[in-house]
Amino acid sequence: MSKTYFSKRTFAFLRTLDRNNNRPWFHAHQADYERHVREPFLQLIADLEISLAKISTHMRADPRKAGGSLFRIHRDTRFANDKTPYKPWAGARLFHERRREVAAPSFYLHIAPRDCFAGGGIWHPEPPTLKRIRDFLADNPAAWKRASQGKAFREHFAFWGESLSRPPRGYPVDHELIEDLKRKSYAAGEEFSEALACSSELQPFAVATFKRLAPMIDYLCAALELEF
């Protein structure tokens, strides 16, 4: 039976954190973060494990508090323009088992005020990884079209990220997938409302999203010589 995870208090905490993004405030309200954001998200990740294994035996929903699927709320400010210490959102990456060895695609779930979405792919890959994906696309267009241009995909998903203004060097300008070859990321997803995030429909929605997106993730794994 489906259950609820997040609540209006989840989003109230994230909104207030956005307005009070400093260490003294967060330390004073850390119990609220644990109760309304971290603990329910870790429970959701744990509950997604069985469903994810049915989609792919090589993807992982890891509910550990540290080093697992849930992103840390602490922002790495060393090289960032935004120097605020905390992320006013919560996100989880359901990753490939070999993610520590090679760049790999993942599924993703994001919870934030007015910005909830689920999806997956590979975001801003390094140039060697990007070239491998582009080369695979150029040589295997039919399978990509089946994975990313079918009715279910088009009805639910939009691609994320920037594209080159001109075709990348080394690829035919008249290639049938030239717009895809120009992408800098290969990631797509679907937005959902705060109301859905706070309802018992969240887990089934996430599973359905990952199932629809699985052919694209499978294709990206093939491009990078990973099992799916």
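About the criteria used
- Residues numbered from 1 in each chain as written.
- Predicted model: local features only at pLDDT ≥ 70, side-chain atom pairs only at ≥ 80, totals over all residues.
- Heavy atoms only, no water.
- 1 Å grid on protein atoms, 1.4 Å probe; cavity = no way out; pocket = protein on both sides within 12 Å on 5 of 7 lines; lining within 4 Å.
- Points joined across faces, edges and corners; volume = space filled by probe spheres on them.
- Helix = DSSP H or I, 4+ residues; strand = E, 2+ residues; numbered from the N terminus.
- Nonpolar A, V, L, I, M, F, W, Y, C, P; charged D, E, K, R; others polar.
- Axes fitted to C-alpha atoms, helices over the stretch in contact; angles between N-to-C directions.
- Parallel < 35°, antiparallel > 145°, perpendicular 65-115°, else oblique.
- Left-handed = near helix turned anticlockwise from the far one by under 90°.
- Contact = heavy atoms within 4.5 Å.

*Asks:* Is there a simple way to explain empty space enclosed by the protein in this structure?
*Replies:* Leftover empty space is mapped by rolling, across the atoms, a probe with the size of a water molecule. The full count for this structure, using the stated rule, is one cavity of 30 Å³ or more. Every residue along the wall of the largest cavity is listed here: Leu14, Tyr33, Val37, Leu70, Phe71, Arg72, Ile73, Lys87, Trp89, Ala90 and Gly91. Elements that contribute at least two residues to the lining of the largest cavity include exactly helix H3 (30-55) and strand E2 (90-96). Its residues assigned to classes, the lining of the largest cavity comprises eight nonpolar, one polar and two charged.

*Asks:* It is not clear to me how the packing of helix H5 (residues 141-148) against helix H9 (residues 202-223) should be interpreted in this structure. Could you clarify?
*Replies:* Each pair of packed helices gets described by two things: the angle between the helix axes and the distance between those axes. With their axes 7 Å apart at the nearest point, H5 and H9 run at an angle of 150° to one another. In terms of their interaxial angle, H5 and H9 are classed as roughly antiparallel. Taken as a pair, H5 and H9 cross one another with a handedness that is left-handed. Together, Ala143, Trp144 and Ala147 of H5 and Pro215, Met216, Tyr219 and Leu220 of H9 make up the contact between the two elements. Of the residues contributing to the contact of H5 with H9, the split by class is seven nonpolar, no polar and no charged.

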